Amino acid sequence: MQYESAFAELQHAMQGLRQKSLSIADFCKVWRKQQALLAALPPQYATVMEDLLGRLEAGSLFTEESCSFSQIDLLATLDTWLNKARATLNTAS
């Protein structure tokens, strides 16, 4: 698949964030730089991704207990985003 390296980079960033070897700011930079992948997907994918990244960034300003955005839940939703994006591009090709 043409975008497999982009998906691999996004998954690697997810792993880095979960292992705390990557900051939320760096994680969001990795995700936001995938312009070619986003351009290949329907526009709502970029909207949803940006909403999720914004929540991650907002949540990083607070301790887990005082923030309404659970990092674990947001990462699970980004996992779902990745799976759906991959499936969308697989059916389009």
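That block above? That's the structure.
What you see is a predicted model, and the numbers here were worked out from it, not measured in a lab.

K.L.:
Just to check I follow, could you spell out the packing of helix α4 (residues 43-59) against helix α5 (residues 71-92) for this structure?
P.N.:
In a pair of packed helices, the angle between the axes and the distance between the axes together describe the arrangement. Their axes nearest at 10 Å, the elements α4 and α5 cross at an angle of 160°. Classified by the angle between their axes, α4 and α5 sit roughly antiparallel to one another. For the crossing formed where α4 meets α5, the hand is left-handed. Here α4 contributes Tyr45, Val48, Met49, Leu52, Leu53, Arg55 and Leu56 to the contact with α5, which in turn contributes Gln71, Leu74, Leu75, Thr77, Leu78, Trp81, Lys84, Ala85 and Thr88.

K.L.:
I tried to follow the nonpolar core on my own but got confused; where do I start?
P.N.:
Where a protein is soluble and globular, its nonpolar side chains tend to be buried together. Counting residues in hydrophobic clusters, the biggest one holds 27 residues, and the most contacted among them are Phe27, Trp31, Leu37, Leu53, Leu56, Leu78 and Trp81. Listed by contribution, the elements that provide at least two residues to this core are α1 (4-18), α2 (24-32), α3 (35-40), α4 and α5. Considering every element that reaches this core, the biggest residue donor is α5, with seven residues.

K.L.:
Would you take a moment to explain the packing of α2 against α4 for this structure?
P.N.:
Interhelical geometry of α2 versus α4 gives an angle of 170° and a closest axis separation of 10 Å. As summarised for this structure, α2 and α4 are arranged roughly antiparallel, according to the angle between their axes. In this structure, α2 uses Ile24, Phe27, Cys28, Trp31 and Arg32 to contact α4, whose residues at the interface are Met49, Glu50, Leu53, Gly54, Leu56 and Glu57.

K.L.:
Teacher, can you tell me more about the pattern of salt bridges here?
P.N.:
Oppositely charged side chains are able to pair whenever their charged atoms sit close together. This model, assessed by the stated rule, comprises seven salt bridges. A salt bridge links Glu9 to Lys33, with the nearest nitrogen and oxygen atoms 3.0 Å apart. In this pair, Glu9 is assigned in helix α1 and Lys33 in the loop between α2 and α3, connecting sequence segments 24 residues apart. Look at Glu9 and you get partly exposed, because its relative accessible area is 30%. A salt bridge links Arg18 to Asp79, with the nearest nitrogen and oxygen atoms 2.6 Å apart. Taken together, the residues span a long stretch of sequence, with Arg18 in helix α1 and Asp79 in helix α5 at a distance of 61 residues. A residue is classified by how much of its surface remains accessible, and Arg18, at 43% relative accessible area, is partly exposed. By relative accessible area, which is 26% here, Asp79 ends up partly exposed.

K.L.:
It is not clear to me how unusual backbone geometry should be interpreted in this structure. Could you clarify?
P.N.:
Note: most residues except glycine have negative phi, and most peptide bonds are trans. Backbone geometry places Lys20, a non-glycine residue, at a positive phi of 65°. For Lys20, a relative accessible area of 72% translates into the label exposed.

K.L.:
Teacher, can you tell me more about the packing of aromatic side chains here?
P.N.:
By convention here, two paired aromatic rings are described through the distance between centres and the angle between planes. Tallied over the full model, the rule gives three aromatic pairs. For the pair Trp31 and Trp81, a centre-to-centre distance of 5.4 Å together with 55° between the ring planes defines the contact as tilted. Of this pair, Trp31 sits in helix α2 while Trp81 is found in helix α5, placing the two residues 50 residues apart along the sequence. A relative accessible area of 0% places Trp31 in the buried class. Residue Trp81 is classed as buried on the basis of its relative accessible area of 5%. Here Tyr45 and Trp81 contribute two aromatic rings whose centre-to-centre distance is 5.8 Å and whose plane-to-plane angle is 75°, an arrangement assigned as edge-to-face. Within this pair, whereas Tyr45 is found in helix α4, its partner Trp81 is found in helix α5, the two being separated by 36 residues in sequence. A residue is classified by how much of its surface remains accessible, and Tyr45, at 13% relative accessible area, is buried. Within the aromatic cluster, the residues linked to one another by ring pairs are Phe27, Trp31, Tyr45 and Trp81.

Criteria and cut-off values
- Residues numbered from 1 in each chain as written.
- Predicted model: local features only at pLDDT ≥ 70, side-chain atom pairs only at ≥ 80, totals over all residues.
- Heavy atoms only, no water.
- Axes fitted to C-alpha atoms, helices over the stretch in contact; angles between N-to-C directions.
- Helix = DSSP H or I, 4+ residues; strand = E, 2+ residues; numbered from the N terminus.
- Parallel < 35°, antiparallel > 145°, perpendicular 65-115°, else oblique.
- Left-handed = near helix turned anticlockwise from the far one by under 90°.
- Contact = heavy atoms within 4.5 Å.
- Core = buried A, V, L, I, M, F, W, Y, C linked by side-chain atoms within 4.5 Å.
- Buried < 20%, exposed > 50% of the residue type's maximum accessible area, 1.4 Å probe, protein only.
- Salt bridge = Lys/Arg side-chain N within 4 Å of Asp/Glu carboxyl O.
- Phe/Tyr/Trp six-rings, centres within 6.5 Å; stacked < 30°, edge-to-face > 60°.

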